[in-house]
Amino acid sequence: MTERSTPLFLRAVRGEPVERTPIWVMRQAGRYLPEYREVRSKTTFLGLCKSPELAAEVTLQPIRRFALDAAIIFSDILVPVEAMGIPLDYNPGPVLGRTTRSKEDIDALTIPDPVKDMGFVMDAIRMFIREMPDTPILGFAGAPFTLAAYMIEGAGSKNYAVTKQFLYEQPKQARRLLAKLARTVSDHLIAQVEAGAAAVQIFDSWAGHLSRDDYLTFALPFTIEIVDNVKKAGAPIIVFAKGAHSSLDELSQCGADVLGVDWTLPLDVAAEMTKQRVALQGNLDPCVLLGPVENIERQVQRILNEAQAIEKGHVFNLGHGILPPTPPEHMAALVDAVKRNGRRRTP
Ligand code: CP3
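Source: prediction; values computed, not measured. (Residues numbered from 1 in each chain as written. Predicted model: local features only at pLDDT ≥ 70, side-chain atom pairs only at ≥ 80, totals over all residues. Heavy atoms only, no water.)

(A) Structural view of the packing of helix 15 (residues 293–307) against helix 16 (residues 328–341). Relative orientation of the contacting elements helix 15 and helix 16 amounts to 35°, with a least axis distance of 9 Å. As for the relative orientation of helix 15 and helix 16, their crossing is right-handed in sense. The residues of helix 16 that touch helix 15, namely those facing Val293, Ile296, Glu297, Val300, Gln301 and Leu304, are His330, Ala333, Leu334, Ala337, Val338, Arg340 and Asn341. Residues that form the contact of helix 15 with helix 16 fall into these classes: eight nonpolar, three polar and two charged. (Axes fitted to C-alpha atoms, helices over the stretch in contact; angles between N-to-C directions. Helix = DSSP H or I, 4+ residues; strand = E, 2+ residues; numbered from the N terminus. Left-handed = near helix turned anticlockwise from the far one by under 90°. Contact = heavy atoms within 4.5 Å. Nonpolar A, V, L, I, M, F, W, Y, C, P; charged D, E, K, R; others polar.)

(B) Expanded view of the domain arrangement of the chain. Entries for the chain in the domain assignment read domain 1 (1–28 + 236–347) and domain 2 (38–67 + 71–193 + 216–223). Between the C-alpha centres of domain 1 and domain 2 the distance comes to 24 Å. The interface is formed by 17 residues belonging to domain 1 together with 13 residues belonging to domain 2. Carbon and sulfur atoms supply 74% of the area buried between domain 1 and domain 2, which totals about 1300 Å² over both sides. (Domains from an automatic or database assignment. Buried area = accessible area lost by both parts, 1.4 Å probe.)

(C) Structural view of the sheet that holds strand 6 (residues 237–241). Within the open sheet, the seven strands sit side by side as 1-4-5-6-7-8-9. Their pairing is parallel. The outermost strands of the open sheet, each flanked by one partner alone, are strand 1 (71–72) and strand 9 (314–318). Alignment of strand 5 (residues 199–204) against strand 6, held across five bridges, turns out to be parallel. Of the residues in strand 6, the one forming a bridge with Val200 is Ile237. (Pairing = 2+ DSSP bridges.)

(D) Quick look at helix 4 (residues 52–66). Taking 1.5 Å per residue, 15 residues should reach 21 Å; helix 4 reaches 22 Å between its end C-alpha atoms and fits that length. Leu60 marks the point of greatest bend in helix 4, at about 25°, and the proline Pro62 comes within the next four residues. Turning to helix 4, its buried residues are Pro52, Ala55, Ala56, Val58, Thr59, Leu60, Gln61, Pro62, Ile63 and Phe66. Where helix 4 is buried, its residues contact helix 2 (34–40), helix 3 (45–50), strand 1, helix 8 (119–131), strand 4 (137–142) and helix 16. Just past helix 4, the residue Ala67 takes up positive phi, approximately 50°. (Expected span 1.5 Å × (residues − 1). Bend = angle between axes of the 7 residues up to and from the residue. Buried < 20%, exposed > 50% of the residue type's maximum accessible area, 1.4 Å probe, protein only.)

Shown next as structure tokens:
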């Protein structure tokens, strides 16, 4: 009987020794891949998310092409928002059918049943596992603050001014909205773990727009609530609060196993700020993948050197999602550079 060793990604996430730094890339299934554009040309973005066969297929694409160490299920952070009763469209960024800015708007939101209302996500996870049982698959969800920002604005925003005005003018309603989102996201993440997700990531993409005080008041408590709820399901948890550097010390005590770091903060500095409590994930600037391969290799080496200061695990990733104009050969060069040079010092 052959014994399979625990995948590198899961060992790094748990802070166990690894012989090589694992790598996956945020938005690794997407428009930079011709095979994604081919599948996508036949349906809408939400149609793709809601077809488990197609979602599993595009999730597999970057794994087949680049042999990455983990996959992330193809979906979107706004899928649960639609399930709460908000009509959703993409053009190409999300456009919501109505805004959420009053007590009545919040009362009208339902708490979805993840299996009944978003079962296609769990079906896609199970299909992926059937096809590729040795590659750990991540489930994910948006953090309450980032989801609330889309709901309050009705779309993306440059400065989230309407969102902040709502937080300041109606803090009680804001907390009710954030609590409803925390419940919805917890249930959704637990369902993904029950379907077989090996780990989950919580994306707080717009955390960096908040002051430290506002982040600690309106964002972190609801992320902690989710971590507490999802921990019981047993899978490791990655929290990526982009730009929330001033709260890294508090974040490293939120119960997550791993914190994502964007490219503006060196990983050795992040390791010190988080007092070595957690593993770290990151942090190449996605724009580096647009440029010459020599620079990709140089910057990968720099990050791997900085990551030697992390006492727990390091998971190589970008500091945010891969950009659509990225040449797939540059992604291949990145994976190759990490696999060749990502040797970890044995503790
Ligand atoms: O490969 C993966 O990482 C899994 C798939 C994934 C998508 N969205 C697919 C997608 C994941 C993890 C997300 C998360 C997501 N969605 C976030 C958090 C991560 C981040 O980037 O901060 C956010 C903020 C969203 C909201 C969202 N969805 C935006 C802003 C957009 C437009 C992006 C753009 O580049 O135009 C989307 C649409 C979306 N989600 C696309 C993909 C592949 C592009 C849609 C298309 O194919 O036309």
